Number of protein chains: 2
Amino acid sequence: MIAVFGHLNPDTDAIASALVYARLLTRQGHPAQAYRLGELNFETAYVLKELGLTAPELLPQLAAGSEVALVDHNESAQSAPHLAEYEVTRVVDHHKLGDLTTAAPAYLRFEPVGCTSTLLLKLHREAGLDIEPQDARLMLSAILSDTLHFRSPTTTPDDRQAVEFLSPIAGVDDVAGFALAMFAAKSDLGDTPAETLLKMDYKVFPFGDPEQTWGIGVIETTNPAYVFGRQRELLAAMDQIKAQDGLSGVLLSVVDILNETNRTLVLSATEGKVLREAFGVVAQDGVADLGARISRKKQIVPTLEEYFAPQA
Amino acid sequence: MIAVFGHLNPDTDAIASALVYARLLTRQGHPAQAYRLGELNFETAYVLKELGLTAPELLPQLAAGSEVALVDHNESAQSAPHLAEYEVTRVVDHHKLGDLTTAAPAYLRFEPVGCTSTLLLKLHREAGLDIEPQDARLMLSAILSDTLHFRSPTTTPDDRQAVEFLSPIAGVDDVAGFALAMFAAKSDLGDTPAETLLKMDYKVFPFGDPEQTWGIGVIETTNPAYVFGRQRELLAAMDQIKAQDGLSGVLLSVVDILNETNRTLVLSATEGKVLREAFGVVAQDGVADLGARISRKKQIVPTLEEYFAPQA
């Protein structure tokens with residue numbers, strides 16, 4: 001049995017892609033089971049509830065040498081704690097290649113598209129397999145989520161074509177309305193503890209040499225005012241995680257999905273200096289206006305990578 | 001212009017795949033040029049000559065940040081000396097994933113098949129592109145070379161299907177005869193210097209922690225008696241490269257293609273001990289009979305990797 005899972009702090013793509021890829025592998029004669037590496041966010045919970053699906057189980061510690069398939073991530077810092085003991089035989093991902101190695105030749109499918117599910121659709125079509133409506137809806141949800149319904153600069157023509165192909169199979173006529181309902185569910189944060197808000201979509205990145213480790217959270221919302229209303233609590237949560245995990249810096253970007261803007265909370269002078277020098281942005285009242293840089297993967301991480309890169 | 005190249009000490013797959021992938025990328029609107037990282041072996045020279053093709057040029061030092069595509073390898077030890085300065089945007093390979101990282105999301109296509117060209121055929125078919133006869137012949141040659149015409153345990157059903165698909169397009173009716181002619185060309189070593197014989201199909205692998213570095217050469221031949229006739233010269237060449245490159249050990253496997261056996265030259269007590277402990281084989285007269293272990297990738301390297309692995 002192959003264990004299939006997406007990254008820590010799973011988003012809709014991490015969960016949907018694990019479910020869809022596990023089913024694809026099983027249909028192809030490789031029995032597989034989807035798992036998650038953390039709690040669902042509100043958007044993903046909404047997507048699964050609308051489909052009448054329960055969440056995949058939390059990944060337990062597997063026996064050493066167990067066969068695993070990674071979706072939507074490849075770096076060890078974003079993966080299962082015991083990944084080094086498992087045998088990675090398959091990866092489907094749309095992120096840069098990090099510290100992954102494999103013990104033997106494996107199946108790797110990486111393309112610079114907006115969403116892992118866009119690649120999973122290709123895998124189905126290349127294998128000549130029909131798409132089941134439930135899988136279509138999971139992939140459709142993941143693509144709309146990852147691309148913020150094509151607002152994100154990570155969007156590619158392949159993602160648009162995938163949505164066009166999937167929406168009739170998924171039985172979704174009004175794609176824009178479907179996406180808005182997902183984004184509203186994601187933004188309905190209620191009395192979620194600040195630590196949970198921070199970690200909803202949070203990844204740790206190593207930069208530079210000597211290595212610095214940065215935690216970068218993103219809250220994509222249709223209601224940024226709600227998030228800024230909890231600014232003080234969020235800063236306290238950022239401070240705590242920074243100390244606890246021994247991080248060099250912590251950023252939390254509040255992305256206004258509908259207006260396509262990013263305002264990032266600035267924890268201390270360290271983060272302020274990096275934002276000023278790397279992005280040319282000066283914080284005001286503890287908030288740096290990063291303008292239209294709404295993609296962590298495409299507009300935040302590469303700039304930081306370059307900023308921290310050792311000079312040749 | 002994307003520079004496309006295979007590994008150091010190129011074999012037929014490294015050269016053919018670079019040529020075919022460069023043409024595929026160009027046809028898909030990404031102008032590309034094939035290069036080689038070393039001298040052609042006799043088999044590859046024969047394949048190109050029969051097709052009336054000249055060899056790709058040696059890869060020059062490219063400008064920092066140049067876009068490159070790797071075929072048939074991914075580890076830096078087997079790649080261009082300045083690889084770290086280039087931007088790897090595409091890799092097509094059938095080896096285990098080593099120390100490769102990418103600065104941004106890239107196209108990676110890895111599958112555990114017998115030959116990179118088998119994957120290139122898939123890329124053509126997935127893109128709905130017809131195969132030109134010259135490309136068909138290059139891919140056919142590469143697959144027959146890498147799988148020793150299906151004798152190697154690395155052979156998969158995909159490789160067999162690819163040969164079946166390609167041979168009519170390549171105009172090759174007698175696949176077995178075509179393969180034998182290639183192997184005969186490869187075995188016609190004449191007065192090739194011993195250093196050249198050793199490096200014809202030679203790769204360097206890091207093992208264990210603390211890291212040991214081993215050089216492992218393979219001579220695939222239909223005429224092993226010729227190679228063993230030059231045993232003394234070859235051992236001298238192995239001794240020299242070991243000292244010069246500061247290696248922990250050097251192995252040279254003489255693979256009898258037709259009888260599917262591997263007899264490996266043992267340079268010193270160091271190599272003898274490792275062969276004895278890792279493979280349970282005792283050398284006689286400086287030669288260790290590794291039996292049917294004819295695939296370095298599948299039957300030599302994984303065993304050494306396990307042997308040198310730090311105990312958990």
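Residues numbered from 1 in each chain as written. Chains lettered and ligands numbered in written order. Predicted model: local features only at pLDDT ≥ 70, side-chain atom pairs only at ≥ 80, totals over all residues. Heavy atoms only, no water.

Peer 1: Looking at this structure, how should I read the layout of surface pockets?
Peer 2: One way to see where empty space is left: roll a probe the size of a water molecule over the atoms. In this structure, the largest pocket encloses a volume near 1,300 Å³. Lining the largest pocket are 35 residues; nearest its centre among them are Glu305(A), Ala84(B), Thr101(B), Thr102(B) and Ala103(B). In terms of residues, the lining of the largest pocket owes the most to one element, helix 11 (residues 296-308) of chain A, which gives four residues. Its residues placed into classes, the lining of the largest pocket shows 16 nonpolar, nine polar and ten charged. Estimates place the volume of the second largest pocket at around 980 Å³. (1 Å grid on protein atoms, 1.4 Å probe; cavity = no way out; pocket = protein on both sides within 12 Å on 5 of 7 lines; lining within 4 Å. Points joined across faces, edges and corners; volume = space filled by probe spheres on them. Helix = DSSP H or I, 4+ residues; strand = E, 2+ residues; numbered from the N terminus. Nonpolar A, V, L, I, M, F, W, Y, C, P; charged D, E, K, R; others polar.)

Peer 1: What is the right way to read empty space enclosed by the protein from this model?
Peer 2: All names here are of chain A. Here the structure, examined in full by the defined rule, presents two cavities of 30 Å³ or more. Looking at the largest cavity, its volume works out to about 560 Å³. Secondary-structure elements contributing two or more residues to the lining of the largest cavity are helix 4 (133-146), strand 7 (202-207), strand 8 (212-221) and helix 11. At five residues, helix 11 tops the list of elements feeding residues into the lining of the largest cavity. Class assignment for the residues of the lining of the largest cavity results in eleven nonpolar, 13 polar and 14 charged. For the second largest cavity, the calculated volume is near 30 Å³. Pro224, Phe228, Val254, Asp256, Thr261 and Arg263 are the residues that line the second largest cavity. Taken together, the residues of the lining of the second largest cavity break down into three nonpolar, one polar and two charged.

Peer 1: Teacher, can you tell me more about the interface of chain A and chain B here?
Peer 2: Think of interface size as the accessible area that goes away when the parts come together; that is how it is often given. The partner chain B presents 21 residues to the 21 residues of chain A that form the contact. Buried surface at the junction of chain A and chain B, summed over both partners, amounts to about 1,800 Å²; 62% is from carbon and sulfur atoms. Area buried by chain A at its contact with chain B is led by Leu97(A), Pro105(A) and Leu108(A), which between them contribute 32% of it. Across the chain A-chain B interface, the total number found is zero salt bridges. Applying the counting criterion to the chain A and chain B interface returns four residue pairs in polar contact (both at pLDDT 80 or more). Put simply, the parts of the chain that give the side of chain A that touches chain B at least two residues each are strand 6 (107-110) and helix 11 of chain A. Sort the elements by how many residues they give to the side of chain A that touches chain B and strand 6 of chain A lands first, with four residues. For the side of chain A that touches chain B, the per-class residue count stands at ten nonpolar, five polar and six charged. (Contact = heavy atoms within 4.5 Å. Buried area = accessible area lost by both parts, 1.4 Å probe. Salt bridge = Lys/Arg side-chain N within 4 Å of Asp/Glu carboxyl O. Polar contact = N/O pair within 3.5 Å; in protein donor to acceptor, adjacent residues only side chain to side chain.)

Peer 1: Honestly, the relation of the copies chain A and chain B in this entry has me stumped. Any pointers?
Peer 2: The transformation that overlays chain A on chain B combines an axial shift of 0.0 Å with a rotation of 180°, and the residual RMSD is 0.0 Å. On the angle and the small slide along the axis, the relation comes out as a two-fold axis. Rotation axis and chain A: the residue whose C-alpha lies nearest the axis is Arg109(A), separated from it by 2.6 Å. Taken as a fraction of all interface residues of chain A, those also at the interface in chain B reach 100%, which identifies the copy contact as same-surface. (Least-squares fit on C-alpha atoms with pLDDT ≥ 70 in both.)

Peer 1: Whenever I open this one, the domain arrangement of chain A confuses me. Can you help?
Peer 2: Residues and elements named next belong to chain A. Domain boundaries in chain A define domain 1 (2-185) and domain 2 (194-308). Taking the mean C-alpha position of each, domain 1 and domain 2 sit 25 Å from one another. In this complex, domain 1 contributes 20 residues to the contact, which on the side of domain 2 involves 20 residues. Counting each side, the surface lost to burial between domain 1 and domain 2 is near 1,800 Å², with a carbon and sulfur contribution of 59%. (Domains from an automatic or database assignment.)

Peer 1: Would you take a moment to explain the sheet that holds strand 8 of chain A for this structure?
Peer 2: In a beta sheet, neighbouring strands are held together by backbone hydrogen bonds and run either parallel or antiparallel to one another. Residue and element names in this part refer to chain A. The five strands are arranged 7-8-9-10-11 in an open sheet whose pairing can be described as mixed. If you trace the sheet from one side to the other, it starts and ends with strand 7 and strand 11 (287-289), each paired once. Each adjacent strand pair in this sheet contributes to an overall mean axis angle of 25°, direction not counted. The pairing of strand 9 (residues 249-256) with strand 10 (residues 261-266) spans six bridges and is antiparallel. Bridging across to strand 10, Leu252 finds its partner in Leu265. With respect to the sheet, helix 9 (residues 231-244) is in contact with strand 7, strand 9, strand 10 and strand 11, its orientation differing from that of strand 9 by roughly 145°. (Pairing = 2+ DSSP bridges. Axes fitted to C-alpha atoms, helices over the stretch in contact; angles between N-to-C directions.)

Peer 1: Explain the packing of helix 3 (residues 116-126) of chain B against helix 5 (residues 157-170) of chain B to me, please; I cannot follow it from the model alone.
Peer 2: Helix packing geometry: the angle between the two helix axes and the distance between the axes. All names here are of chain B. It is the contact of helix 3 with helix 5, at a shortest axis distance of 9 Å, that shows an interaxial angle of 60°. In terms of crossing hand, the pair formed by helix 3 and helix 5 is left-handed. Touching Thr118, Leu121, Lys122 and Arg125 of helix 3 are Asp158, Asp159, Ala162, Phe165 and Leu166, all from helix 5. (Left-handed = near helix turned anticlockwise from the far one by under 90°.)

Peer 1: Would you mind showing me how to read the side chain of Lys96(A) here?
Peer 2: Tracing the backbone shows Lys96(A) in the loop between strand 5 (87-93) and strand 6. There is a polar contact of 3.5 Å between the side chain of Lys96(A) and the side chain of Glu75(A). Sequence-distant contacts of Lys96(A), defined by excluding residues within four places in its chain, comprise Asn74(A), Glu75(A), Val301(A), Glu305(A), Thr102(B), Ala103(B), Ala104(B) and Pro105(B).

Peer 1: When you look at the side chain of Asp146(A) in this model, what are you seeing that I'm missing?
Peer 2: All names here are of chain A. Mapping Asp146 onto the fold places it in helix 4. It turns out Asp146 is buried and unbridged, and the closest side chain with the opposite charge, Lys297, is 6.3 Å from it. Polar side-chain contacts of Asp146 include one of 3.4 Å to the side chain of His94. Excluding its chain neighbours within four sequence positions, the residues that come into contact with Asp146 are Asp11, Asp13, Asp72, His94, Gly114, Cys115, Thr116, Ser152 and Thr154. (Buried < 20%, exposed > 50% of the residue type's maximum accessible area, 1.4 Å probe, protein only. Lys, Arg positive; Asp, Glu negative; His and termini not counted.)

Peer 1: What's the story with helix 9 of chain A in this structure? I'm lost.
Peer 2: Helical geometry: 3.6 residues make up each α-helical turn, so side chains three or four residues apart lie on a common side. All names here are of chain A. If you check helix 9, its first and last C-alpha atoms are 20 Å apart, about what 14 residues at 1.5 Å a residue would give, namely 20 Å. Of all the positions in helix 9, only Gln231, Leu234, Ala237, Met238, Ile241 and Lys242 are classed as buried. Angular distribution of buried residues about the axis of helix 9 spans 135°; they occupy a single face of the element. Relative to its buried face, helix 9 has exposed residues pointing more than 90 degrees away, namely Arg232, Ala243 and Gln244. Following helix 9 by one or two positions, Gly246 adopts a phi angle in the positive range, close to 60°. (Expected span 1.5 Å × (residues − 1). Arc of directions from axis to C-beta.)

Peer 1: Explain the pairing of strand 8 (residues 212-221) of chain B to me, please; I cannot follow it from the model alone.
Peer 2: Remark: a regular strand shows side chains that alternate across the two faces of the sheet. All names here are of chain B. With respect to burial, strand 8 is a largely interior element, eight of its ten residues being buried. Sheet topology places strand 7 (residues 202-207) next to strand 8; six bridges connect them, and they run antiparallel. Its bridge partner being in strand 8, Lys203 is matched across the sheet by Ile216. Taken together, strand 7 and the strand that follows it, strand 8, pair antiparallel across an intervening segment of four residues, in which Gly208 is found at a positive phi of about 70°. As judged from the eight bridges shared by strand 8 and strand 9 (residues 249-256), these two strands associate in the parallel manner. Bridge pairing in strand 9 places Gly217 opposite Leu252.

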